[in-house]
Amino acid sequence: MTEEAELKEEVIKAIKQVYDPEIPVDVWELGLIYDLKIFPVNNVYVEMTLTSPSCPSAGTIPSEIEQKIREVEGVNDVSVELTWDPPYSQDMMSDEAKLELGFM
């Protein structure tokens, strides 16, 4: 596995520590992360959404994700961008999340 792939795996583990407070499933399994890139010198870019624009945690979830990624050894810088396009839908959840929430 390349260093970049290993770092990406560690970043995903860090992201999986962040939960939507209203749903007992982590943001990765919920499908809230649209894009994750590792750029040279270990700069991490995350494009994400939230379950709804009126989500009460809109201010805290992206900053919590950024904080968890910054704790990963080797990460140089982190950029988390919030988008509403495409809008979030339950189809974006992993099977694990759907099972946990009783959608399967």
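Up top is the structure.
Residues numbered from 1 in each chain as written. Predicted model: local features only at pLDDT ≥ 70, side-chain atom pairs only at ≥ 80, totals over all residues. Heavy atoms only, no water.

1. Quick notes on the environment of Met-92
Looking at where Met-92 falls in the secondary structure, it is placed in the loop between β3 (77-82) and α4 (95-100). Exposure remark for Met-92: the relative accessible area of 28% places this residue in the partly exposed category. The spacing of Met-92 and Val-75 is 17 residues in sequence and 27 Å in space, taken between C-alpha atoms. Residue contacts for Met-92: discarding those within four places in its chain leaves Glu-29, Leu-30, Gly-31, Tyr-34, Pro-86 and Pro-87. (Helix = DSSP H or I, 4+ residues; strand = E, 2+ residues; numbered from the N terminus. Buried < 20%, exposed > 50% of the residue type's maximum accessible area, 1.4 Å probe, protein only. Contact = heavy atoms within 4.5 Å.)

2. Re the sheet that holds strand β1 (residues 33-39)
With mixed pairing, three strands are arranged side by side in an open sheet as β1-β2-β3. At either end of the open sheet lies a strand with only one pairing partner, and these are β1 and β3. Averaged over all adjacent pairs, the angle separating strand axes in this sheet is 10°, with direction ignored. Most of the contacts of helix α1 (residues 3-15) go to β1, to which it runs at about 140°, and overall it touches β1 and β2 (43-48). Against the sheet, helix α3 (residues 61-70) makes contact with β1, β2 and β3, and its axis sits at roughly 160° relative to β3, the strand it touches most. (Pairing = 2+ DSSP bridges. Axes fitted to C-alpha atoms, helices over the stretch in contact; angles between N-to-C directions.)

3. With respect to a nonpolar patch on the surface
Residues Leu-99, Phe-103 and Met-104 make up a contiguous nonpolar surface patch of about 350 Å² in total accessible area. Relative to the assigned elements, Met-104 resides in the segment after α4. Residue Met-104 is classed as exposed on the basis of its relative accessible area, which comes to 59%. (Patch = residues over 30% accessible without salt bridge, like charges linked within 9 Å, V, L, I, M, F, W, Y side chains within 5 Å. Areas by Shrake-Rupley, 256 points an atom, 1.4 Å probe, with all protein chains shown as cover. Salt bridge = Lys/Arg side-chain N within 4 Å of Asp/Glu carboxyl O.)

4. Considerations on the pairing of β2
Pairing of β1 with β2, which is carried by six bridges, proceeds in the antiparallel orientation. Pairing of Phe-39 across the sheet is with Asn-43, part of β2. Once β1 ends, the chain turns through three residues before running back antiparallel as β2, passing Val-41 with a positive phi of about 65°. Pairing of β2 with β3, which is carried by six bridges, proceeds in the parallel orientation. Bridge assignment links Met-48 to a residue of β3, and that residue is Leu-82. Each parallel crossover has a hand, and the one from β2 via α3 to β3 is right-handed. (Right-handed = clockwise from strand over helix to strand, strands pointing away.)

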